[in-house]
Amino acid sequence: MRWSDMDAYGHINNVQIVRMLEEARIAAFGPPRGAGLPGVEPKVSLFNDVEEGTMALVVEHKVRYVRTLEYRNVPAVVQLWIGAVKGASFDIHYLVQDPVTREDCVKATTHLAFVDEGTGRVLRLTPEQKERLTPFVA
């Protein structure tokens, strides 16, 4: 959590919560291909191993605020796992917890799909992509 993530009510702003979900997703599955310079390898190489011309796009976010996440000068705890894996899309589920009390603050889901950059068409998940996701399905 950053000091600037707080809003006028003293808790982490809802827009910053979605940013935290994105950061957790990229840390777990890697940055999109061609974005930035090489860094730490992700736990599961998924987004950075797609074919040239393939984009990983967010189809939908669902965010449920269970309680406010107050600012602390330590990182929030973000757990994530894979939900439904379909032919051309999959869900990432998140649980954001207070880093001190471990109380649940946010429950969220991101629905993602791979899209061909040139045609805009949704691409089916490859067997390799599904295999990489399988150990994290809950």
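Scroll up for the structure.
Residues numbered from 1 in each chain as written. Predicted model: local features only at pLDDT ≥ 70, side-chain atom pairs only at ≥ 80, totals over all residues. Heavy atoms only, no water.

**A few points about the packing of aromatic side chains**
In step 1: By the definition in use, this model includes one aromatic pair.
In step 2: Ring geometry for F90 versus F114: centroids 6.2 Å apart, planes at 40°, classification tilted. One end of the pair, F90, is in strand β3 (residues 89-97); the other, F114, is in strand β4 (residues 104-116), with 24 residues separating them in the sequence.
In step 3: Residue classification places F90 among the buried positions, given a relative accessible area of 0%.
In step 4: Accessibility expressed as a relative area gives 1% for F114, which makes it buried. (Phe/Tyr/Trp six-rings, centres within 6.5 Å; stacked < 30°, edge-to-face > 60°. Helix = DSSP H or I, 4+ residues; strand = E, 2+ residues; numbered from the N terminus. Buried < 20%, exposed > 50% of the residue type's maximum accessible area, 1.4 Å probe, protein only.)

**So, the pairing of strand β2 (residues 77-85)**
In step 1: When β2 meets β3, the two strands line up antiparallel, connected through seven bridges. Of the residues in β3, the one forming a bridge with V77 is Q97.
In step 2: Adjacent in sequence and paired antiparallel, β2 and β3 are bridged by three residues. (Pairing = 2+ DSSP bridges.)

**A look at the layout of surface pockets**
Empty space among the atoms can be located by rolling a probe the size of a water molecule over them.
In step 1: One number sums up the size of the largest pocket: a volume of about 230 Å³.
In step 2: Among the elements that line the lining of the largest pocket, the one with the most residues is helix α2 (residues 127-133), at three residues.
In step 3: Grouping the constituent residues of the lining of the largest pocket by class yields four nonpolar, three polar and six charged. (1 Å grid on protein atoms, 1.4 Å probe; cavity = no way out; pocket = protein on both sides within 12 Å on 5 of 7 lines; lining within 4 Å. Points joined across faces, edges and corners; volume = space filled by probe spheres on them. Nonpolar A, V, L, I, M, F, W, Y, C, P; charged D, E, K, R; others polar.)

**Things to note about the pattern of salt bridges**
In step 1: Taken as a whole and judged by the stated rule, the model has two salt bridges.
In step 2: Across the pair E103 and R67 runs a salt bridge, and its minimum N-O distance is 3.5 Å. Residue E103 is located in the loop between β3 and β4, and its partner R67 is located in the loop between β1 (54-65) and β2; the two are separated by 36 residues in the primary sequence.
In step 3: Assessed through its relative accessible area of 34%, E103 is described here as partly exposed. (Salt bridge = Lys/Arg side-chain N within 4 Å of Asp/Glu carboxyl O.)

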